[in-house]
Amino acid sequence: MTTIIPISEMTTTNPSEPAPRPRGCTFTETDWRTLAPFWYPVAFSHEITSKPYAATLLDVRVVVYRLSDGSLAAARDICYHRGVPLSLGHVEGDEIICKYHGLRYDRDGRCTCIPAHPNGSISPKLRLDVFAVTEQYGLVWVRLVDDGPRPFPVLEEWGSSDYLNVLPDSVTINAAAGRQVEGFLDVSHFAFVHAESFGEADNPVVPDYPVTKTAAGFIADYVSTVSNYSHEYKHLNPPGFLWRRRFEVYLPFNAKLTVFFPEGGQLQILNAASPVSARKTRLFVPVCRNFDKDAPLQTTLDFNHQVFAEDIAIVEQQFPEDLPIDLHAEAHFGADRSSIAYRKGLAALGLGQNYTT
Ligand code: FES
Ligand SMILES: [Fe+2]
């Protein structure tokens, strides 16, 4: 298991200056500044090598790469000499080298060499916008603005010898991250959207459930008779078993679901939605469980894929595309307690009215 670098050790290049909002940004100024300080996954750990990797987060082009000591570096994907993406370059030791004129930048983003003038002075403008980066749960996480500690989703079972880790492929969704996360928290769609996978078409009723605020967001603790087995394995469901699903939300776009299976089994699913832009999301879903550890992994991957594909078919069609945070914008009923808490939580972060269309 990797260790989170203490936030105090991670800084942007110029922490006192407001980070430049990207050109063509699809978020409003307020929304972008509200979202930028949070942690988001931008890649799988195994995708990041000494070959620079290009990602996009909140419309910002980001380059991530691995230095010779195995540590990670992340920066805005631009060389301020002539605007070439650093992701076209390569890494040597702990330096990234621009493809165009060979300028070298160290792990702090400082330019260390201009090959055309090896003995000349180096303009302080030749400095990368460095971002904080860390690895957790098989993913590489970046934050664009470091304004102090921000909550990081907790999946403590990842890496435990009692649990099997599963890392499904990510999926790119043409929808707002907020819409996707809210759908993950929704408990009244199982009988309709998931009737083919695990839902029960004749069991749509949603019992009351509590929602409790936490420092990072809230917890929704939902108990019902809807099992989490796929239809193929429904025979394993003990008669009368009550299925508990605990959603722990880490605002704005991470949510951990624990499904409590019979005989102490637990399935942990981290829904980590990475906002590429206001209307595009790359979804990572690390999963771990303490049962069926020898069962074929492909069965789990297939089931996971099916359930998320059922959700995506809905979320890509929702309108307006951005999540309406104003509670008067859409109608609600009792089962929507989790999504109401989610919208209120996003509003409290500062997204406010601007996050509607
Ligand atoms: S554009 Fe990067 S070195 Fe010239
Ligand atoms: Fe769903």
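Now for a description of the structure that goes with this document. Since we're looking at a predicted model, the values are computed, not measured.

## Some thoughts on the overall build of the chain
Secondary structure summary: the chain contains five helices and 19 strands in total. Over its C-alpha atoms the chain spans a radius of gyration of 22 Å, differing by no more than 12% from the 21 Å that the globule rule assigns to 357 residues. By residue count, 54% of the 357 residues in the chain fall in the buried class. In the chain, once contacts between residues fewer than 6 apart in sequence are set aside, the share between residues at least 24 apart is 59%. About 16,300 Å² of surface is accessible on the chain, with carbon and sulfur atoms providing 53% of the total. Both charge centroids of the chain, one from 31 positive and one from 42 negative side chains, sit 7 Å from each other.

## Points about the coordination of the iron ion (ligand 2)
In the first shell of the iron ion (ligand 2), the protein supplies His189 (NE2), His194 (NE2), Asp311 (OD) and Asp311 (OD), at 2.1 to 2.6 Å from the metal. Here the donor residues for the iron ion (ligand 2) map to a single chain with the spacing H-x4-H-x116-D. A residue pair is termed long-range when its members are at least 10 positions apart, and histidine 189 in the loop between α2 (177-185) and α3 (190-193) and aspartate 311 in helix α4 (residues 297-315) qualify at 122 residues.

## Details of the sheet that holds strand β6 (residues 95-97)
Reading across from one edge, β5-β6-β7-β8 is the order of the four strands in this open sheet, with antiparallel pairing throughout. Strands with a single pairing partner mark the edges of an open sheet, and in this sheet they are β5 (90-92) and β8 (111-113). Across two bridges, strand β7 (residues 104-105) lies against β8 in antiparallel orientation. Directly across from arginine 104, in β8, lies its bridge partner cysteine 113.

Analysis parameters
- Residues numbered from 1 in each chain as written.
- Chains lettered and ligands numbered in written order.
- Predicted model: local features only at pLDDT ≥ 70, side-chain atom pairs only at ≥ 80, totals over all residues.
- Heavy atoms only, no water.
- Helix = DSSP H or I, 4+ residues; strand = E, 2+ residues; numbered from the N terminus.
- Rg over C-alpha atoms; globule rule 2.2 N^0.38 Å.
- Buried < 20%, exposed > 50% of the residue type's maximum accessible area, 1.4 Å probe, protein only.
- Contact = heavy atoms within 4.5 Å.
- Areas by Shrake-Rupley, 256 points an atom, 1.4 Å probe, with all protein chains shown as cover.
- Lys, Arg positive; Asp, Glu negative; His and termini not counted.
- Charge placed at Lys NZ, Arg CZ, Asp CG, Glu CD.
- Donors = N, O, S within 2.8 Å, 3.2 Å for Na, K, Ca; no water.
- Pairing = 2+ DSSP bridges.

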